[in-house]
Amino acid sequence: MKKILFVTSEAHPLIKTGGLADVCGSLPKALAELSQDIKLIIPNYQALKTSENVRFMCAIRVDNRNINILETRMPDSHVIVWLVDYPAYYNYPGNPYVDEQGDSWPNNAERFGLFCRIAVEAAMDRINQDWKPDVVHCNDWQSGLVPALLSLENDRPSTLFTIHNMAYQGLFPATAAAKLNIPGQLWHPAGLEFHDMLSFIKGGLVYADYITTVSPTYAHEIQTAEFGYGLEGLLDHRKEFLGGIINGIDLDQWDAENDTLIAQTYSVSTLDKKELNKAALQVKFALPVNDQVPILGLIGRLVEQKGIDLILECLPEMMEMDMQFVLLGSGDKDFEKQLKKLALLYPDKIAITIGYDEALAHLIEAGADIFLMPSRFEPCGLNQMYSQRYGTIPIVRKTGGLADTVTDTLPETLANQTASGVVFSEASSSALLEAIKRTLILYSMPDYWKKMQINAMKKDFSWQRSAEQYLSLYENI
Ligand code: ADP
Ligand code: GLC
């Protein structure tokens, strides 16, 4: 049995802004089910919600500040959670990274710098809990200073750093390094310095004993200039210690057969009932209720990564086809504005909800026929896996985890029963439009469509296999 300290800035259902929370909520649970002794450490944000009891565990003094550590557990699991409680940094409305207006917290370097310091204290058992982990598993830039600071300690635990998204690196002006008292041994271009800036992510990439990312394809992609954002050289240099482990999905939450947030549960053997969710979705979005017209759905952060610009370019032409389009998301204000404008032009065909709504996300997965995910890059992506589980055929671009989890529909993949979606390559609106047309042809052939749905629903996206891969990695490092 390994003792694992899991360091993350979000974990569902405590706090979530995206897929990082889904993974950091469900992977620790899967590891606990494999009998591992795992504790999760996370800042105690104002927006953090738990149904479990929270108790004071200890107080420590770091950087001349008094910090409390509270203890709770993940709802419906045995995973212990340590909350880093420092109200001056975390007790504000808004999400972990931005305020209510969507602007980054001006003191993010200090906020996550302190979080990393506390995680190091916990990792070295200087919080006197008589519990010292064998492995510290860090996730994304917010935890990047942990492997760096631990590298200076004697008798330290091993460190694993998982990259969920290279596009977010935690870059701050060099003055932040002084403010955070970054030790001189770490402050150089082969360390935390990146073009005269302090880079949190480099703390993970340079100093962790091993690096993973969330799909094998993305592990290769980030070693190239297109996806490496200037860090491809470093990643290539560390490639012996870099691998990809595909994310799983939490079947307690995302399974059409026992989802409490949808209008009607269904399975491979009761696939006809999916239609009731389609009708509920059309009612919810005030679209004409019609079971013949295909619904294309999209849920996600409205940012360039997700190929929203490609969809905006395609929408006028899509509106000439027989279809309905529903979207739930928030992000770039300009994308939001353009989408809302189009929805006003085509009220019978386009329905847009700007915002964040967990229940509606489930209904879209269950009620749509087709799910759009034309990402420019996608480290793993979860929605395409949820979609397949719900018999909702994904259209994806061949990149990162999308390439690893969706099998294109071709005569041979239909024959060998692996066809589960539609995959296109070029990041262009014409390639996306072509893929949509191809999907609509398949939709018009119910026998083929049903086969694709069944192949998709039968795919194994459970955490078990991936959690076992993490476990053997913990053993090897
Ligand atoms: P990313 O982490 O890059 O945003 P993923 O596909 O890995 O993308 O995960 C996104 C997660 O966030 C999914 O669980 C998705 O359902 C959820 N999500 C994204 N936007 C919204 C929204 N507006 N409302 C509800 N859930 C959302
Ligand atoms: C990131 C990526 C997404 C991935 C998620 C969880 O947010 O953008 O592709 O699925 O992390 O690993």
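Parameters and conventions
- Residues numbered from 1 in each chain as written.
- Chains lettered and ligands numbered in written order.
- Predicted model: local features only at pLDDT ≥ 70, side-chain atom pairs only at ≥ 80, totals over all residues.
- Heavy atoms only, no water.
- Core = buried A, V, L, I, M, F, W, Y, C linked by side-chain atoms within 4.5 Å.
- Buried < 20%, exposed > 50% of the residue type's maximum accessible area, 1.4 Å probe, protein only.
- Helix = DSSP H or I, 4+ residues; strand = E, 2+ residues; numbered from the N terminus.
- Domains from an automatic or database assignment.
- Contact = heavy atoms within 4.5 Å.
- Near = heavy atom within 4 Å.
- Polar contact = N/O pair within 3.5 Å; in protein donor to acceptor, adjacent residues only side chain to side chain.
- Areas by Shrake-Rupley, 256 points an atom, 1.4 Å probe, with all protein chains shown as cover.
- Buried area = accessible area lost by both parts, 1.4 Å probe.
- Salt bridge = Lys/Arg side-chain N within 4 Å of Asp/Glu carboxyl O.
- Nonpolar A, V, L, I, M, F, W, Y, C, P; charged D, E, K, R; others polar.
- 1 Å grid on protein atoms, 1.4 Å probe; cavity = no way out; pocket = protein on both sides within 12 Å on 5 of 7 lines; lining within 4 Å.
- Points joined across faces, edges and corners; volume = space filled by probe spheres on them.

Asks: What is the right way to read the nonpolar core from this model?
Replies: Soluble globular proteins: nonpolar side chains tend toward being buried together. Residues Ile-41, Trp-82 and Leu-205 are the most contacted members of the largest nonpolar core, which totals 129 residues. The leading source of residues in this core is helix H3 (residues 108–123), at 10 residues. Each of domain 1 (3–248 + 464–476) and domain 2 (268–459) gives at least three residues to this core. With near-sequence residues (within four places) excluded, Leu-205 lies in contact with Phe-161, Ile-163, Met-166, Ile-211, Leu-231, Leu-234, Leu-235 and Arg-238. With 39 residues, the next largest nonpolar core counts Ile-311, Ile-350, Ile-393 and Leu-440 among its residues.

Asks: How should the site of ligand 2 be read in this particular structure?
Replies: Surrounding ligand 2, one finds 14 residues, the nearest of these being His-164, Asn-247, Glu-378, Cys-380 and Gly-381. Here an oxygen atom of ligand 2 sits 3.3 Å away from a polar atom, N or O, in the side chain of Asn-165. At a separation of 3.2 Å, an oxygen atom of ligand 2 approaches a polar side-chain atom of Gln-305. Summarising the interface, the protein chains cover 93% of the accessible area of ligand 2, which totals 310 Å² for the free molecule. The dominant element in the shell around ligand 2, judged by the number of residues it contributes, is helix H1 (residues 19–33), at 3 residues. Residue assignment places the shell around ligand 2 across two domains, with domain 1 (3–248 + 464–476) and domain 2 (268–459) each supplying three or more.

Asks: What is the right way to read the domain arrangement of the protein from this model?
Replies: Under the domain assignment used here, the protein contains domain 1 (3–248 + 464–476) and domain 2 (268–459). Taken residue by residue, the interface counts 21 residues in domain 1 and 17 residues in domain 2. Here domain 1 meets domain 2 over a buried area of about 1400 Å², counting both sides, of which 55% is carbon and sulfur. Of all residues in domain 1, Lys-16, Thr-217 and Ile-246 give up the largest surface area on contact with domain 2, accounting jointly for 23% of the area buried on that side. Taken together, domain 1 and domain 2 are joined by 1 salt bridge. One salt bridge connects Lys-16 with Glu-358, and the closest N-O pair in it is separated by 3.5 Å. Joining domain 1 to domain 2, the criterion identifies 8 residue pairs in polar contact (both at pLDDT 80 or more). Split by residue class, the side of domain 1 that touches domain 2 holds 9 nonpolar, 9 polar and 3 charged.

Asks: Just checking my understanding: could you explain unusual backbone geometry for this structure?
Replies: At the junction of His-12 and Pro-13, the peptide bond is cis and its omega measures out at 10° in the coordinates. Topologically, Pro-13 is positioned in the loop between strand S1 (3–7) and H1. Positive phi outside glycine occurs at Asn-181, with the angle close to 55°. Tracing the chain through its elements places Asn-181 in the loop between helix H5 (175–179) and strand S9 (193–194). Given a relative accessible area of 47%, Asn-181 falls into the partly exposed group.

Asks: Would you mind showing me how to read the layout of surface pockets here?
Replies: Any empty space left between the atoms is revealed when a probe the size of a water molecule rolls over them. As a volume, the second largest pocket reaches approximately 430 Å³. Forming the boundary of the second largest pocket are 15 residues, of which Glu-275, Asp-369, Tyr-443, Trp-449 and Gln-453 lie nearest the centre. Elements that contribute at least two residues to the lining of the second largest pocket include exactly helix H10 (274–284) and helix H18 (446–458). A total of 4 residues in the lining of the second largest pocket trace back to one element, the largest contributor, which is H18. Considered class by class, the residues forming the lining of the second largest pocket number 4 nonpolar, 4 polar and 7 charged.

Asks: Looking at this structure, I do not really get the site of ligand 1. What am I missing?
Replies: Close to ligand 1 lie 21 residues, the nearest being Gly-19, Asp-22, Arg-301, Lys-306 and Gly-355. At 2.7 Å from a nitrogen atom of ligand 1 is found a main-chain nitrogen or oxygen belonging to Gly-355. Between ligand 1 and Leu-382, the relevant distance is 2.9 Å, taken from an oxygen atom to a main-chain nitrogen or oxygen of the residue. Elements with a minimum of two residues in the shell around ligand 1: H1, strand S13 (295–302), strand S14 (324–331) and helix H14 (383–389). Considering each element in turn, the shell around ligand 1 owes the most residues, 3 residues, to S13.

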